[in-house]
Amino acid sequence: LIHKGEYLRAEEIFVRALGLNPQDVDAWLNLGHTQLHLKKYAEAEEAFKETLKYRPKESVLWAFLGGVRSFQKNYSGAEAAIMQALELNPKDTATWEALGAVRSLQDNHKGAEEAFVHAVELNPKDTEALSNLAVYRISQKDFVGAEEAYKRAVELDTKNAEAWC
């Protein structure tokens, strides 16, 4: 149902499933995703927190929590959850990029730049990380640094060169 975009129906099913088995971690996780799609951010946060009670060592769950907090403009809470995700999986470039975005939203520009650069350092061939670094640098009026990141992205992905320009 989620893949078909039938979020209200999916939410209803996951709530019913949790009524039968409140420890069904997958139901909590899917409920959180469903509520995220429905823009029920506070409810999604609670669902992800419930999931984390059972799987506290899964970095992606902490990243989901960070994402939903970011949607609620709770940027310090988002950063705390993302930092927990990175403690569990320090080599996840997408989470480093998320950290950069959240720090940027808090006007922590030095911290944002460090996170975006670290994502690129972890995977120098990640064109998405390079693109995010370039976009961030443009926002900071660092056009030389942005051009450098974009050029590297184009060199790596010549088939989609137009998308990088």
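Residues numbered from 1 in each chain as written. Predicted model: local features only at pLDDT ≥ 70, side-chain atom pairs only at ≥ 80, totals over all residues. Heavy atoms only, no water.

Here's the deal with the packing of aromatic side chains
- All chains considered together, the criterion is met by three aromatic pairs.
- Between Tyr-41 and Phe-71 the ring centres are 5.1 Å apart and the planes differ by 10 degrees, which places this aromatic pair in the stacked class. Of this pair, Tyr-41 sits in helix H3 (residues 41-54) while Phe-71 sits in helix H4 (residues 59-71); the two residues are 30 residues apart in sequence, bridging distant segments of the chain.
- We classify Phe-71 as partly exposed; its relative accessible area is 48%. (Phe/Tyr/Trp six-rings, centres within 6.5 Å; stacked < 30°, edge-to-face > 60°. Helix = DSSP H or I, 4+ residues; strand = E, 2+ residues; numbered from the N terminus. Buried < 20%, exposed > 50% of the residue type's maximum accessible area, 1.4 Å probe, protein only.)

A few points about the nonpolar core
- Core analysis: the biggest nonpolar cluster contains 21 residues, and Trp-96 and Leu-99 have the highest contact counts within it.
- Counting nine residues, the second largest nonpolar core, distinct from the first, contains Leu-29, Ala-44, Phe-48 and Leu-61. (Core = buried A, V, L, I, M, F, W, Y, C linked by side-chain atoms within 4.5 Å.)

Remarks on the pattern of salt bridges
- Applying the stated criterion across every chain yields a total of 14 salt bridges.
- Across the pair Glu-58 and Arg-55 runs a salt bridge, and its minimum N-O distance is 3.5 Å.
- Residue Glu-58 is classed as partly exposed on the basis of its relative accessible area of 32%. (Salt bridge = Lys/Arg side-chain N within 4 Å of Asp/Glu carboxyl O.)

Concerning helix H7 (residues 109-122)
- Taking 1.5 Å per residue as the helical rise, H7 with its 14 residues ought to reach 20 Å, and the 20 Å between its terminal C-alpha atoms agrees with that figure.
- Of the residues making up H7, those classed as buried are Gly-111, Ala-112, Ala-115, Phe-116, Ala-119 and Val-120. (Expected span 1.5 Å × (residues − 1).)

Points about unusual backbone geometry
- For Lys-39, which is not glycine, the phi dihedral falls at a positive 65 degrees.
- Using a relative accessible area of 59% as the deciding quantity, one classes Lys-39 as exposed.
- Positioned with a positive phi, Lys-73 is a non-glycine residue whose angle comes to about 65 degrees.
- Inspection of the secondary structure puts Lys-73 in the loop between H4 and helix H5 (75-88).

Notes on the confidence of the model for the chain
- When pLDDT is averaged along the chain, the result is 92, and 96% of the positions lie at 70 or above.
- Of all helices and strands in the chain, the one with the weakest mean pLDDT is helix H10 (residues 161-164) (53), whereas H5 scores best (98). (pLDDT = per-residue confidence, 0-100.)

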